[in-house]
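Understanding the architecture of this molecule
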Amino acid sequence: MSQQSVPATPSNFSVWFEYAMGTSPALRKTIDILIGNKRKFDAAINYELYVTYVNPQYGLAVKGDFPERLRGVITNATQFLTTAIADNRTQIEALGEVSSEAQASGDPQAIIERLVTELSNATARATALELNFEASTQELDRIRNSLKEAEQRSNTDALTGLANRRSLDEFLRSAQIVAMEKGEPLSVLLIDIDHFKDFNDTFGHQVGDQVLRLVAKVLQENVRDQDLAARYGGEELFAVLPGADLDVCAGVAERIRGRISDARLTRRTTGLEISSVTVSIGVAQFKLAESAEAMIERCDRALYRAKRSGRNKTVTENDIEGEVVAAA
């Protein structure tokens, strides 16, 4: 932590303790990639590591003040209603007195004035009640919007705007269950940005972040609404394609690879073009009753094969199996 200038907060210590113990291979791999790319462990990255790998429920802690805010709205509305009910009872009694006076008095002017006064009071109370409930409704709307934003933040990677690791894990588990229940295919693809460290070393981390956002944008634009695009860790991105077999997923991966390769990245400050960006992609299909880890491991091996064979390639698990057979 000292070497990486990570503040010694309790949450940061938890992350690096898990890293040192090696209890989370995914966390270790992500941190190693970040260190290898000389990324600064700023507040955003430290937060993402903690809520993704150590304490996913912490991402929901931002909702902690919502029950208190709701109690405040309810208390305020209850107090105002109690006052309004008491005022209404007083008004009913006053109108009853006006009725008695009307029977006992022969002065209609005084009765009319008293009646107008009471009706005016009733109108004022009704207006105040309406304004109070309008304010309460607005506050409830703000709470609801805050909840939506908090939920989105807890499921979204801050840099790329894609789903984060926690959201990916939940989606993948559900997709596996649906695939088994319906007997439908399920495939995944894993993207690694080629020579990503070079972008950071040559152009700086801002350009590295720009490269990540570019690849994330192309990935998001080339998957369907029912698919999930996520940041897997470091410079690796991931997509889950429910209902897609290996060939379909490989086609999507190849389209993504081609569009990224064709894209041109320029420096915002100078407008000068930066060297082209390429990616290597591994593709795998879910096998009945297997774990997500087993499927991802095959996908990762396919990705590794793509990188070993020259990068800027898409490799499927079938290519890996073919190599194994040939070697045997």
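Residues numbered from 1 in each chain as written. Predicted model: local features only at pLDDT ≥ 70, side-chain atom pairs only at ≥ 80, totals over all residues. Heavy atoms only, no water.

1. Quick notes on the nonpolar core
Stated precisely, the cut-off is as follows: We call a set of buried Ala, Val, Leu, Ile, Met, Phe, Trp, Tyr and Cys residues a nonpolar core when their side-chain atoms join them within 4.5 Å. Accessibility here uses a 1.4 Å probe with only protein chains present; expressed as a share of the type maximum, an area under 20% marks a residue as buried, one over 50% as exposed, and anything in between as partly exposed. A run of DSSP states H or I qualifies as a helix once it reaches four residues; a run of E qualifies as a strand once it reaches two. Both are numbered from the N-terminal end. Note on definitions: a residue-residue contact is assigned when non-hydrogen atoms from the two residues lie within 4.5 Å.
One finds Leu189, Ile191, Leu219, Ile256 and Val277 to be the most contacted residues of the largest nonpolar core, which totals 34 residues. For this core, the element with the most residues is helix H8 (residues 205–221), which contributes eight residues. The residues touching Val277, leaving out its near neighbours within four places in the chain, are Ile193, Phe199, Val211, Leu214, Val215, Ile260, Ser261 and Leu265. Of all hydrophobic cores here, the second largest spans 20 residues; its members include Ala179, Met295, Ile296 and Leu303.

2. A word on the packing of aromatic side chains
Counted only if it meets this: When two rings of Phe, Tyr or Trp (its six-membered ring) have centres within 6.5 Å they constitute a pair, described as stacked for plane angles under 30 degrees, edge-to-face for angles over 60, and tilted for the intermediate range. Criterion for a charge above a ring: Lys NZ or Arg CZ within 6 Å of the ring centre, and within 35 degrees of the ring normal.
Under the counting rule described, the total for this entry stands at four aromatic pairs. Taking the centre distance of 5.3 Å and the plane angle of 65° together, the rings of Trp16 and Tyr19 count as edge-to-face. Of this pair, Trp16 and Tyr19 are both found in helix H1 (residues 10–21), three residues apart, which corresponds to roughly one turn of the helix. Both residues of the pair, Trp16 and Tyr19, belong to the buried class. Clustering of aromatic rings is evident, with ring pairs tying together Trp16, Tyr19 and Phe41. Note that Arg28 overlies the ring of Tyr19, its terminal NZ or CZ placed 4.7 Å from the centroid.

3. Re the sheet that holds strand E2 (residues 228–233)
Through backbone hydrogen bonds, the strands of a sheet pair up, either in parallel or in antiparallel fashion. How we decide: Strand pairing follows a simple DSSP-based rule, namely that at least 2 bridges must link the two strands. With axes taken as lines fitted to C-alpha atoms, and helix axes fitted only over the stretch in contact, angles between N-to-C directions fall between 0 and 180 degrees.
Pairing is mixed across the open sheet formed by five strands, whose spatial order is E2-E3-E1-E6-E7. Edge positions in the open sheet fall to E2 and strand E7 (314–316), since each of these has one partner strand only. Strand-to-strand twist in this sheet, taken as the mean axis angle between neighbours without regard to direction, amounts to 20°. When strand E6 (residues 279–285) meets E7, the two strands line up parallel, connected through three bridges. Each bridged residue has a counterpart across the sheet, and for Val283 the counterpart in E7 is Thr316.

4. Some details on the side chain of Thr314
Put simply, the rule reads: Polar contacts here mean pairs of N or O atoms no more than 3.5 Å apart (in protein, one a potential hydrogen donor and the other a potential acceptor; neighbouring residues in sequence count only if both atoms are side-chain atoms).
Take Thr314: it is sitting in strand E7. Reaching out from Thr314, the side chain makes a polar contact with the side chain of Glu254 at a distance of 2.9 Å. Once you skip the residues sitting within four places of it in the chain, Thr314 turns out to touch Ala250, Ala253, Glu254, Arg257, Ile281 and Val283.

5. Observations concerning the confidence of the model for the protein
Worth spelling out the cut-off: pLDDT is a residue-level measure of predictor confidence that goes from 0 to 100.
Here the protein shows a mean pLDDT of 81. Residues at 70 or above account for 72%. Segment residues 324–328 is flagged for pLDDT under 50; beyond a separation of four residues in sequence, or across chains, it makes zero contacts in the model.

6. A look at the environment of Ser309
Position of Ser309 among the secondary structure elements: in the loop between helix H10 (292–308) and E7. Remark: the alpha-carbon pair of Ser309 and Ser280, spanning 29 residues in sequence, is separated by 9.9 Å. A distance of 2.9 Å separates a polar side-chain atom of Ser309 from the backbone oxygen of Arg305.

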